[in-house]
Amino acid sequence: MGALAPFWPWGPLRDASLAPGVALVLVALAVGYAIGIRRLAHRGRPWPASRAVAFGLGLLSLAVASQSGIAAASDTWYSAHVVEHLLIGMVGPLLLALGAPVTLIVQAGGRRTQLSVLELQRLPVLRGARRPLPVLVLFTVTLAAMNMPAVVEAARAHGWLHDLLHVHALVVGLAFAMLVTGADPEAWRVPPTVRVGVSFVTIPAHALVAMAVLAAGVGLSDPAALGADRAAQDQSLGASFLWIGGDLIGLVVTLGAAVAWARAEQRAGERNDRRLDEAAAARQAAATVGSPP
């Protein structure tokens, strides 16, 4: 058996293959989103283009993770595994959440749809998914588990486990993204200070996991396929991707949450100023009415 060709930079294109089931789901989500926008347009209610672009880019991120060579190589190359899970667990969910799909469903749907969404929000699982501490704990535990040699080796040996981990990472990433972006209904919104804190924790979390990967022995990249030296080099590359990529994404999310916090404080100040102005105008009007001619 000949040595494997280097995966980067052409591997994602060279080894691309279609995953029909995932592709069908992504297409269905895109079509459903477009139908929602069209229904709103017929009612004379335009949907922000920025949200549509964000949702489309989120689907594209998931398509790259599942349809390119990254998906096929993630069992062998740890660096591909890291990129795959950054796309599935962070980039894709954050962009999808910024697309505010739940808001679109509520606004474009009928009364029955709106009631169904409200009922779903009352489910214990979704109530827990809106609480910052459980979401943060689940996100950081998932991040650590996805990069443990035992988990990676088990997923390499069992395809069903690999697929299950992808679904888990996506669900956890969506819970995290909906919490920190605050783009969807009030039920998912938390104070801006909490959003900044939760998103900020992801920065040191990725750095700590990456340092643990650098300190670990060979096993995250497949030494049987790559050889010990090459596997060690790819494991170091994957740790760099995890550290730099995770920190950059966490920093962008934290800055976005901080900007939203500043805007919320500005709006609150403006509302308070209006109330004070209205109260002052009312007192002045009362004094004018009560003063002698």
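Conventions used here
Residues numbered from 1 in each chain as written. Predicted model: local features only at pLDDT ≥ 70, side-chain atom pairs only at ≥ 80, totals over all residues. Heavy atoms only, no water. 1 Å grid on protein atoms, 1.4 Å probe; cavity = no way out; pocket = protein on both sides within 12 Å on 5 of 7 lines; lining within 4 Å. Points joined across faces, edges and corners; volume = space filled by probe spheres on them. Helix = DSSP H or I, 4+ residues; strand = E, 2+ residues; numbered from the N terminus. Nonpolar A, V, L, I, M, F, W, Y, C, P; charged D, E, K, R; others polar. Axes fitted to C-alpha atoms, helices over the stretch in contact; angles between N-to-C directions. Parallel < 35°, antiparallel > 145°, perpendicular 65-115°, else oblique. Left-handed = near helix turned anticlockwise from the far one by under 90°. Contact = heavy atoms within 4.5 Å. Patch = residues over 30% accessible without salt bridge, like charges linked within 9 Å, V, L, I, M, F, W, Y side chains within 5 Å. Areas by Shrake-Rupley, 256 points an atom, 1.4 Å probe, with all protein chains shown as cover. Salt bridge = Lys/Arg side-chain N within 4 Å of Asp/Glu carboxyl O. Lys, Arg positive; Asp, Glu negative; His and termini not counted. Charge placed at Lys NZ, Arg CZ, Asp CG, Glu CD. Buried < 20%, exposed > 50% of the residue type's maximum accessible area, 1.4 Å probe, protein only. Phe/Tyr/Trp six-rings, centres within 6.5 Å; stacked < 30°, edge-to-face > 60°. Lys NZ or Arg CZ within 6 Å of the ring centre and 35° of its normal. Core = buried A, V, L, I, M, F, W, Y, C linked by side-chain atoms within 4.5 Å.

### Observations regarding the layout of surface pockets
The volume enclosed by the second largest pocket comes to roughly 610 Å³. In terms of lining residues, the second largest pocket is bounded by 21 residues, among which Leu-98, Thr-181, Arg-195, Gly-256 and Ala-260 are the most central. Going through the elements one at a time, α5 (78–98), α11 (159–181), α12 (192–215) and α14 (228–290) are the ones with two or more residues in the lining of the second largest pocket. When residues in the lining of the second largest pocket are grouped by element, the largest group, nine residues, is from α14. When the residues that make up the lining of the second largest pocket are grouped by side-chain class, the tally is 14 nonpolar, three polar and four charged.

### Quick notes on the packing of α5 against α11
At their nearest, the axes of α5 and α11 sit 8 Å apart, and the two run at 40° to each other. For the element pair α5 / α11, the angle class is oblique. Like other packed secondary-structure pairs, α5 and α11 cross with a definite hand, here right-handed. For the pair α5 and α11, contact is made by Glu-84, His-85, Ile-88, Gly-89, Pro-93, Leu-94, Leu-96, Ala-97 and Leu-98 and by His-162, His-166, Ala-169, Leu-170, Gly-173, Leu-174, Phe-176, Ala-177, Met-178, Val-180 and Thr-181, respectively. A class-by-class count of the residues in the contact of α5 with α11 yields 13 nonpolar, six polar and one charged.

### Here we look at the environment of Gly-99
Relative to the helices and strands, Gly-99 resides in the loop between α5 and α6 (101–108). Taking the C-alpha atoms as reference, Gly-99 lies 20 Å from Leu-251; in sequence the two are 152 residues apart. Contact partners of Gly-99, with chain neighbours within four places excluded, come to Tyr-33, Trp-47, Arg-51, Ala-54 and Phe-55.

### Some details on empty space enclosed by the protein
Taken as a whole and assessed by the stated rule, the structure comprises two cavities of 30 Å³ or more. As a volume, the largest cavity reaches approximately 190 Å³. For the lining of the largest cavity, the secondary structure elements donating two or more residues are α5, α9 (132–145) and α11. Tallied by class, residues from the lining of the largest cavity come to nine nonpolar, seven polar and no charged.

### Side note on a positive patch on the surface
A surface patch of like charges, here positive, comprises Arg-263, Arg-267, Arg-271, Arg-274 and Arg-275. On the secondary structure map, Arg-275 appears in helix α14. When its relative accessible area of 48% is taken as the criterion, Arg-275 is described as partly exposed.

### Observations concerning the packing of aromatic side chains
Under the defined criterion, the tally for this structure stands at six aromatic pairs. On the basis of an interplanar angle of 85° and a centroid distance of 4.8 Å, the ring pair of Phe-7 and Trp-8 is categorised as edge-to-face. Geometrically, the ring pair formed by Phe-139 and Phe-176 is stacked, given 4.3 Å between the ring centres and 20° between the ring planes. Separated by 37 residues along the polypeptide, Phe-139 in helix α9 and Phe-176 in helix α11 bring together distant segments of the chain. You'll find Phe-139 and Phe-176 in the same group, each marked buried. What links up through ring pairs into an aromatic cluster is the set Phe-7, Trp-8, Trp-77 and Phe-241. Directly above the aromatic system of Trp-47 lies the positively charged group of Arg-51, at a separation of 5.1 Å from the ring centroid.

### Remarks on the pattern of salt bridges
With the rule as written, the count across this model stands at one salt bridge. The salt bridge involving Arg-14 is made with Asp-15; its shortest N-O contact spans 3.3 Å. Judged by relative accessible area, Arg-14 falls into the partly exposed class, the value being 43%.

### Here we look at the nonpolar core
Counting residues in each nonpolar core, the largest one holds 32 residues, and the members touching the most others are Leu-94, Phe-176 and Leu-242. Elements with a contribution of two residues or more to this core: α5, α9, α11, α12 and α14. Considering every element that reaches this core, the biggest residue donor is α11, with seven residues.

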